[in-house]
Amino acid sequence: RSDSAACQRGYWIAAPVVILGAALVNMAYNLFYMHKVRRLAALLPAGKQREYIAGMEALLKTAKGKNLRDILSLNLAAGYVDMRQFDTAIAMLEELAAKGLKGAAANTAHHINLCMSYFETKQYGKAMALYAESQPLFQKYRSEKHYGAYIVILDMLAAVREKDYARAEKLLSAALETYDDPRLQKAFHEIEPVLNNSRGNN
């Protein structure tokens, strides 16, 4: 199999949940939603994606204001990525892109999720174009613990797509040493056979 094998495996993890920030106008109102989002965020590592999605949908039914609703929609899309329902996630993320998101952190999470979803659905042209377009954002957040691992995963996918297997393997080795989260370790270890298969078919 070629590098498309990366999109036939079930190990990807949703990009980090974006916590509501100071850019939102009514702080007291948004703090209530921030608390709810944080509680829901704990469901994804526990494998409770359906509960997470149901919770986010419930918040969206009551939330007021474009910025707040956009952030909640972004978090909801992350849940669909985690469930590997990429077509649903893509539709939501493309709609958010068309409307425009505020804040570098929100846009970074958006681009990570959308780029990952494009790779997973074998829309490689869109994936690589968005990956290239996102470099200024990704560069800003590479050293940020919450986002860095997901950006590295995209770096590996892009390197494999470009047949730069030496770079992909170097990134994998560094990632295994840098990120000790069990879910990330599992994801990285499952990338290794994909790299080997891709190298063997070229």
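Above this note sits the structure.
Residues numbered from 1 in each chain as written. Predicted model: local features only at pLDDT ≥ 70, side-chain atom pairs only at ≥ 80, totals over all residues. Heavy atoms only, no water.

Peer 1: Before we go on, may I ask you to explain the overall build of the protein in this structure?
Peer 2: The helix and strand tally for the protein stands at 10 helices and 0 strands. Start at the N end of the protein and walk to the C end: the helices and strands fall as α-α-α-α-α-α-α-α-α-α. Across the 202 residues of the protein, 51% fall into the buried class. Taking the intrachain contacts of the protein between residues at least 6 apart in sequence as the baseline, contacts between residues at least 24 apart amount to 64%. For the protein, the computed accessible surface area is about 9,600 Å², with 53% contributed by carbon and sulfur atoms. (Helix = DSSP H or I, 4+ residues; strand = E, 2+ residues; numbered from the N terminus. Buried < 20%, exposed > 50% of the residue type's maximum accessible area, 1.4 Å probe, protein only. Contact = heavy atoms within 4.5 Å. Areas by Shrake-Rupley, 256 points an atom, 1.4 Å probe, with all protein chains shown as cover.)

Peer 1: Would you mind going over the packing of helix α8 (residues 145-161) against helix α9 (residues 165-178) with me for this structure?
Peer 2: If you want to describe how two helices pack, look at the angle between their axes and the distance between the axes. Between α8 and α9, the shortest axis-to-axis distance is 8 Å and the interhelical angle comes to 160°. When the axis of α8 is compared with that of α9, the two are roughly antiparallel. In the packing of α8 onto α9, the handedness of the crossing is left-handed. For the pair formed by α8 and α9, the contact residues are Val 152, Asp 155, Met 156, Ala 159 and Val 160 on the first element and Tyr 165, Arg 167, Ala 168, Leu 171, Leu 172 and Ala 175 on the second. Here the contact of α8 with α9 is composed, by residue class, of 9 nonpolar, no polar and 2 charged. (Axes fitted to C-alpha atoms, helices over the stretch in contact; angles between N-to-C directions. Parallel < 35°, antiparallel > 145°, perpendicular 65-115°, else oblique. Left-handed = near helix turned anticlockwise from the far one by under 90°. Nonpolar A, V, L, I, M, F, W, Y, C, P; charged D, E, K, R; others polar.)

Peer 1: Just to check I follow, could you spell out the packing of aromatic side chains for this structure?
Peer 2: Aromatic ring pairs: the centre-centre distance and the angle between the two ring planes describe each pair. Going through the model one piece at a time under the given rule, you end up with 5 aromatic pairs. On the basis of an interplanar angle of 50° and a centroid distance of 6.5 Å, the ring pair of Phe 119 and Tyr 124 is categorised as tilted. The same class applies to Phe 119 and to Tyr 124, which are both buried. On the basis of an interplanar angle of 45° and a centroid distance of 6.1 Å, the ring pair of Tyr 179 and Phe 188 is categorised as tilted. Relative accessible area serves as the criterion here: at 13%, Tyr 179 is assigned to the buried category. A residue is classified by how much of its surface remains accessible, and Phe 188, at 0% relative accessible area, is buried. (Phe/Tyr/Trp six-rings, centres within 6.5 Å; stacked < 30°, edge-to-face > 60°.)

Peer 1: Looking at this model, I keep getting lost on helix α2 (residues 49-62). Mind explaining?
Peer 2: In an α-helix, one full turn covers 3.6 residues, which means residues spaced three or four apart are oriented alike. Helix length check: α2, at 14 residues, gives a terminal C-alpha distance of 21 Å against a target of 20 Å (1.5 Å per residue), a fit within 8%. Looking at α2, one finds that the buried residues are Gln 49, Tyr 52, Ile 53, Gly 55, Met 56, Leu 59 and Leu 60. The buried residues of α2 all sit within an arc of 165° when viewed along its axis, so they share a single face. Exposed positions of α2 whose direction lies more than 90 degrees from the buried face are Arg 50 and Lys 61. (Expected span 1.5 Å × (residues − 1). Arc of directions from axis to C-beta.)

Peer 1: It is not clear to me how the pattern of salt bridges should be interpreted in this structure. Could you clarify?
Peer 2: Pairing between side chains of opposite charge can happen when their charged atoms approach one another. Under the counting rule described, the total for this entry stands at 6 salt bridges. The salt bridge partner of Asp 82 is Arg 183, with a shortest N-O separation of 3.3 Å. Of this pair, Asp 82 sits in helix α3 (residues 66-82) while Arg 183 sits in helix α10 (residues 182-200), and the two are 101 residues apart along the sequence. In this structure Asp 82 comes out as buried when scored by relative accessible area, which is 8%. (Salt bridge = Lys/Arg side-chain N within 4 Å of Asp/Glu carboxyl O.)

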